[in-house]
Amino acid sequence: KTPAALDGAVVADLAEHLLRANRGERALRYLDAALAFRDRSYLGDVAVRLAERALALPGLLEGRQRCDVLLGQARRLDLLGRPESEVKHLEEALALADAEGEAVLRARVRNELGDLLRRLARFAEAQARLEQARDLYADRWLGFSECELAGMLERAGFTGIETIVADRETEAPRSQTL
């Protein structure tokens, strides 16, 4: 059976058992579903321990997969009020994101780290990370056109709206004001 077809508690127990037995490759099949189940069950501490066990096994999680687990772990640590551990996980995720080279992932990690640093009153560091994220997001399509924006505004209750391009930048990031 696939992990999705099994009861969440069973999947979580299987992942935990396999990780404790150093059977990481087999545990990987269940890890995402187990972490999601623990998160949905409001068992943040249990999910943190499960993710830490997976992250601690040498060579088990690498590249983008490790980065994704680190980002999830940072979110859990935020909910549990453990900001210093959250910083450590986000900094490792940042190094992995840079190695992956995907601009959106690099920007996302910088944005999350910058937001955390801002909340910790580490303003200079936060500003640097947030500016880096902004630069990486430059020239990215936001997912909608001018016509689609008009439709979204109409569905939101704004009627009789005319969308016009009021300003268009000629240099990067080439944003426009509607």
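I will try to describe carefully the structure that is included in this document.

Reading the values: rules and limits
Residues numbered from 1 in each chain as written. Predicted model: local features only at pLDDT ≥ 70, side-chain atom pairs only at ≥ 80, totals over all residues. Heavy atoms only, no water. Axes fitted to C-alpha atoms, helices over the stretch in contact; angles between N-to-C directions. Helix = DSSP H or I, 4+ residues; strand = E, 2+ residues; numbered from the N terminus. Parallel < 35°, antiparallel > 145°, perpendicular 65-115°, else oblique. Left-handed = near helix turned anticlockwise from the far one by under 90°. Contact = heavy atoms within 4.5 Å. Nonpolar A, V, L, I, M, F, W, Y, C, P; charged D, E, K, R; others polar. Salt bridge = Lys/Arg side-chain N within 4 Å of Asp/Glu carboxyl O. Buried < 20%, exposed > 50% of the residue type's maximum accessible area, 1.4 Å probe, protein only.

Describing the packing of helix 3 (residues 44-56) against helix 4 (residues 63-79)
Phase 1 of the analysis: In the contact formed by helix 3 and helix 4, the axes pass within 10 Å of each other and the chain directions differ by 150°. Taken together, the axis directions place helix 3 and helix 4 in an arrangement best described as roughly antiparallel. For the pair helix 3 and helix 4, the crossing hand works out as left-handed. Counting all contacts with helix 3, which are made through G44, A47, V48, A51, E52 and L55, the residues of helix 4 involved are R66, V69, L70, Q73, R76 and L77.
Phase 2 of the analysis: Grouping the amino acids of the contact of helix 3 with helix 4 by side-chain chemistry returns 7 nonpolar, 2 polar and 3 charged.

A short note on the pattern of salt bridges
Phase 1 of the analysis: Per the stated rule, a full pass over the model turns up 19 salt bridges.
Phase 2 of the analysis: Measuring nitrogen to oxygen at the nearest pair gives 3.0 Å for the salt bridge that ties R64 to D68. In this pair, R64 and D68 are both assigned in helix 4, 4 residues apart and thus about one turn of the helix distant.
Phase 3 of the analysis: Classification of R64 as partly exposed rests on a relative accessible area of 31%.
Phase 4 of the analysis: Here D68 falls in the partly exposed class, since its relative accessible area comes to 35%.
Phase 5 of the analysis: When salt bridges that share partners are traced, they join D78, E86, D115, R118 and R119 into one network.

Thoughts on the packing of helix 1 (residues 8-20) against helix 3
Phase 1 of the analysis: Remark: helix 1 packs on helix 3, axes separated minimally by 10 Å, with the N-to-C direction vectors making an angle of 40°. With respect to their mutual orientation, helix 1 and helix 3 come out oblique. Read as a crossing pair, helix 1 and helix 3 show a hand that is left-handed. Within the contact between the two elements, helix 1 uses A15, E16, L19 and R20 and helix 3 uses L50, R53 and A54.

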